[in-house]
2 protein chains.
Amino acid sequence: MAQISIIGTGSMGQAISTALAKGGHTVELLGHAEAGRPVTGEIVVLAVPYPALAEIAATRGQQLAGRIVVDITNPVNFETFDSLTVPADSSATAELAAALPDSRVVKAFNTTFAATLASGTVGDLPTTVLIAGDDAGAKSALAEAVGASGLRAIDAGALARARELEAMGFLQITLAAAEKISWTAGFAVIS
Amino acid sequence: MAQISIIGTGSMGQAISTALAKGGHTVELLGHAEAGRPVTGEIVVLAVPYPALAEIAATRGQQLAGRIVVDITNPVNFETFDSLTVPADSSATAELAAALPDSRVVKAFNTTFAATLASGTVGDLPTTVLIAGDDAGAKSALAEAVGASGLRAIDAGALARARELEAMGFLQITLAAAEKISWTAGFAVIS
């Protein structure tokens, strides 16, 4: 069983906490404002909005060294709802990895709505967590933790694929915002 | 019932032809090499690889004026399998729309593998065709043709969303190439 810290107590932080606790992992949930409280987990999920990543990297950089750091963000421009706020050839995860060179940064949970993480299902199918990153050990440790919790995990490739995962997350959000799909449903992955 | 021309007799052209014929539409399937044969459909599906789009736009531009032109391509760099070949802030569909200013260009069928179009299902779910474009009438005409054929169609927003659809199509191809999913399965959309 893994030691997991989740920073961020919003809907995603709570849903990931609920989901991972089902796997028997030790899960601690920290408020983003609790900047003075150190994380203890070998896996640290940053369940915060994209704009908070830079501050977390700046204040917790040393503390996160050597740990598996999970970026779940979709850096959507919420004013225009027509683009992402990261450069077109980059991703939030690539930026975070550059800011945390001593951490094992992976992308995950950004294509799964909170409700589908909490319920474990999308429609009648198991919720699938797509994981991208350059550290194979970090990806498999997270996949193991996710799998033990009753969710499915799929290795989505290198850190560079975070760009496509963010595009997919963005598209899914626009479809829900336009009421083409429900916030309790979305993209499922069928093997 | 719609008059539909499909240029390209590869697996995607055949699958789209099979799928749309189920809707009782008049479907003509043209080889990409039959450059001298004019299309007759009000909806023209370019079921060709991305590199062929520029040539079709150059040779058939006048003929395609006023018609609904459907771009299905995923402009994957098949040498590196690590990126798309279009600029990061653009899409194959945006390029095609610029080359065919008098046509009603939409993106569709690029997130559905051929097998799922032919069978009409992804796993136990209906195959969903995501359609993006700036011409609402063109999108609804295609959605109607797709829906009459037993597939689901969802309006995925403006032409700008073709970028995200191509990212999703690329990701799906990489997952299948890495044997994480099957070429007969892939992403499903649950409302």
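Heads up: the structure comes first, above all this text.
By convention here, each chain's residues receive numbers from 1 onward along its written sequence. Chain A is the first chain written and ligand 1 is the first ligand written, with later ones labelled in order. The predicted nature of this model means local features are confined to residues of pLDDT at least 70 and side-chain atom pairs, given and counted, to a pLDDT of 80 or more, with totals for whole chains, interfaces and linings taken over all residues. Only heavy atoms go into the side-chain values, all of them from the structure, while hydrogens and water stay out.

K.L.:
Explain the overall build of chain A here, please?
P.N.:
Under the DSSP-based scheme used, a helix requires at least four consecutive residues in state H or I and a strand at least two consecutive residues in state E, with every element numbered from the N terminus. Across its full length, chain A carries six helices and 10 strands. Only C-alpha atoms enter the radius of gyration, while the globule expectation follows 2.2 Å times N to the 0.38, with N the number of residues. For chain A, the C-alpha radius of gyration of 15 Å lies close to 16 Å, the compact-globule estimate for 191 residues. Expressed along its principal axes, the backbone C-alpha trace of chain A runs to roughly 45 × 35 × 30 Å. Taking the contacts inside chain A whose residues are at least 6 apart along the sequence as the reference set, 68% of them involve residues at least 24 apart. Residues count as neighbours in contact if any of their non-hydrogen atoms are within 4.5 Å of one another.

K.L.:
How do you make sense of the sheet that holds strand 5 (residues 104–107) of chain A when you look at a structure like this?
P.N.:
Sheet strands associate in pairs through backbone hydrogen bonding, adopting either a parallel or an antiparallel arrangement. Residues and elements named next belong to chain A. Pairing between strands is defined by DSSP: at least two bridges between them are needed. Within the open sheet, the seven strands sit side by side as 2-1-3-4-5-8-9. Their pairing is mixed. In this open sheet, the two strands that pair with only one neighbour each are strand 2 (26–30) and strand 9 (152–155). Pairs of neighbouring strands in the sheet enclose a mean axial angle of 25 degrees, with direction left out of account. The angle between two axes is taken between their N-to-C directions and runs from 0 to 180 degrees, where each axis is a line fitted to C-alpha atoms and a helix contributes only its stretch in contact. Here helix 5 (residues 136–148) sits on the sheet in contact with strand 1 (3–7), strand 3 (43–46), strand 4 (68–71), strand 5, strand 8 (128–133) and strand 9, set at roughly 165 degrees to strand 8. On top of the sheet, helix 6 (residues 162–177) reaches strand 4, strand 5 and strand 8; it is set at about 145 degrees to strand 8, its chief contact.

K.L.:
Quick question: what am I supposed to make of the sheet that holds strand 5 (residues 104–107) of chain B here?
P.N.:
Residues and elements named next belong to chain B. Taken together, seven strands build an open sheet; the order of strands is 2-1-3-4-5-8-9 and the sheet is mixed. Looking along the sheet, the strands with just one partner apiece sit at the ends: strand 2 (26–30) and strand 9 (152–155). Strand-to-strand twist in this sheet, taken as the mean axis angle between neighbours without regard to direction, amounts to 25 degrees. Judged from the four bridges that link them, strand 8 (residues 128–133) and strand 9 form a sheet pairing that is parallel. By the bridge assignment, Ile131 is partnered in strand 9 with Asp155. Helix 1 (residues 11–21) rests against strand 1 (3–7), strand 2 and strand 3 (43–46) of the sheet, and its axis sits at about 170 degrees to strand 2.

K.L.:
Please explain the side chain of Lys139(B) as it appears in this structure.
P.N.:
All names here are of chain B. Considering the arrangement of structural elements, one finds Lys139 in helix 5 (residues 136–148). Polar contact criterion, stated in full: a pair of N or O atoms within 3.5 Å, where within protein one must be able to donate a hydrogen and the other to accept it, and residues adjacent in sequence count only if both atoms are side-chain atoms. For Lys139, the side chain forms a polar contact with the side chain of Asp155, separated by 2.9 Å. Here Lys139 is in contact with Val106, Ile131, Ala132, Gly133, Asp155, Gly157 and Ala158, once residues within four sequence places are set aside.

K.L.:
Honestly, the relation of the copies chain B and chain A in this entry has me stumped. Any pointers?
P.N.:
Think of it as a corkscrew move, a rotation about one axis and a shift along it, taking one chain copy to the other. Copy-to-copy superposition: least squares on the C-alpha atoms, limited to residues that have pLDDT of at least 70 in both copies. The two copies are related by a screw operation: chain B maps onto chain A through 180 degrees of rotation and 0.0 Å of translation along the axis, at an RMSD of 0.0 Å. Such a turn and shift between the copies fits a two-fold axis. Looking at chain B, 100% of its interface residues are interface residues in chain A too, so the copies touch through the same face.

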